[in-house]
Amino acid sequence: MARDVFVSHAGEDQSVAAELCGLLEQRGLRCWIAPRDVEAGVVWDETILDAIERSRVFLLILSANANQSSFVKNEVNRAFSESKPIVTFR
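The rules behind the values
- Residues numbered from 1 in each chain as written.
- Predicted model: local features only at pLDDT ≥ 70, side-chain atom pairs only at ≥ 80, totals over all residues.
- Heavy atoms only, no water.
- Phe/Tyr/Trp six-rings, centres within 6.5 Å; stacked < 30°, edge-to-face > 60°.
- Helix = DSSP H or I, 4+ residues; strand = E, 2+ residues; numbered from the N terminus.
- Buried < 20%, exposed > 50% of the residue type's maximum accessible area, 1.4 Å probe, protein only.
- Axes fitted to C-alpha atoms, helices over the stretch in contact; angles between N-to-C directions.
- Left-handed = near helix turned anticlockwise from the far one by under 90°.
- Contact = heavy atoms within 4.5 Å.
- Nonpolar A, V, L, I, M, F, W, Y, C, P; charged D, E, K, R; others polar.
- Expected span 1.5 Å × (residues − 1).
- Arc of directions from axis to C-beta.
- Salt bridge = Lys/Arg side-chain N within 4 Å of Asp/Glu carboxyl O.

(A) Local environment of the packing of aromatic side chains. The tally for this structure, following the rule as stated, stands at 2 aromatic pairs. On the numbers, 5.2 Å between centres and 10° between planes, the contact of Phe6 with Trp32 is stacked. Here Trp32 lies in strand S2 (residues 31-33) and Phe6 lies in strand S1 (residues 3-8), a separation of 26 residues in the sequence. We note that Phe6, like Trp32, is buried. On the numbers, 5.5 Å between centres and 10° between planes, the contact of Phe6 with Phe58 is stacked. With a gap of 52 residues between them, Phe6 in strand S1 and Phe58 in strand S3 (residues 55-61) connect regions that are remote in the sequence. In terms of burial, Phe6 and Phe58 fall into one category: buried. One aromatic cluster in this structure is built from Phe6, Trp32 and Phe58.

Encoded structure:
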């Protein structure tokens, strides 16, 4: 399912990411956020890459944790290679 916003965050920032996702969804934007939107039994990293490709905007929760996360870096690289608008939240 296509989403408006892919929410990228480090695991340690899950509560902030979930709160921000909730606020966006209250305003009518459909968000994709892990682990909420990862279906059981799927290949985790492929699912995330597909979700980035299907989203209109990439939202990066930028933090010290995100800066240290190789997973977040991979997500940013994919968003960049897909020419997605990248929005940061600090």
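(B) Region of the structure containing the packing of helix H2 (residues 44-54) against helix H4 (residues 70-81). Two numbers describe how H2 lies on H4: the axes approach to 10 Å, and their chain directions differ by 35°. The element H2 and its partner H4 pack so that their crossing is right-handed. Where H2 approaches H4, its residues Ile48, Leu49, Ile52 and Glu53 are matched on the opposing element by Glu75, Arg78 and Ala79. Within the contact of H2 with H4, the residues separate by chemical class into 4 nonpolar, no polar and 3 charged.

(C) Just helix H1 (residues 14-26), in detail. The terminal C-alpha atoms of H1 lie 18 Å apart, and with 13 residues this matches the ideal 18 Å at 1.5 Å per residue to within 8%. Of all the residues in H1, the buried ones are Ala17, Leu20, Cys21 and Leu24. Buried residues along H1 cover an arc of 105° about the axis, so they all sit on one side. Along H1, exposed side chains directed more than 90 degrees from the buried face belong to Ser15, Glu19 and Gln26. Lining the buried residues of H1 we find S1, S2, S3 and strand S4 (86-89). Phi turns positive, to about 95°, at Gly28, one or two residues after H1.

(D) Broad picture of the pattern of salt bridges. For the structure on display, the rule yields 6 salt bridges. A salt bridge links Asp4 to Arg56; the nearest nitrogen and oxygen atoms lie 3.2 Å apart. Of this pair, Asp4 sits in strand S1 while Arg56 sits in strand S3, placing them 52 residues apart in sequence. On the basis of relative accessibility, which here comes to 9%, the residue Asp4 falls in the buried class. Asp37 is paired through a salt bridge with Arg36; the nearest N and O atoms lie 3.0 Å apart. Asp37 sits in the buried class, given a relative accessible area of 17%. One connected set of salt bridges, linked through shared partners, spans Arg3, Glu25, Arg36 and Asp37.

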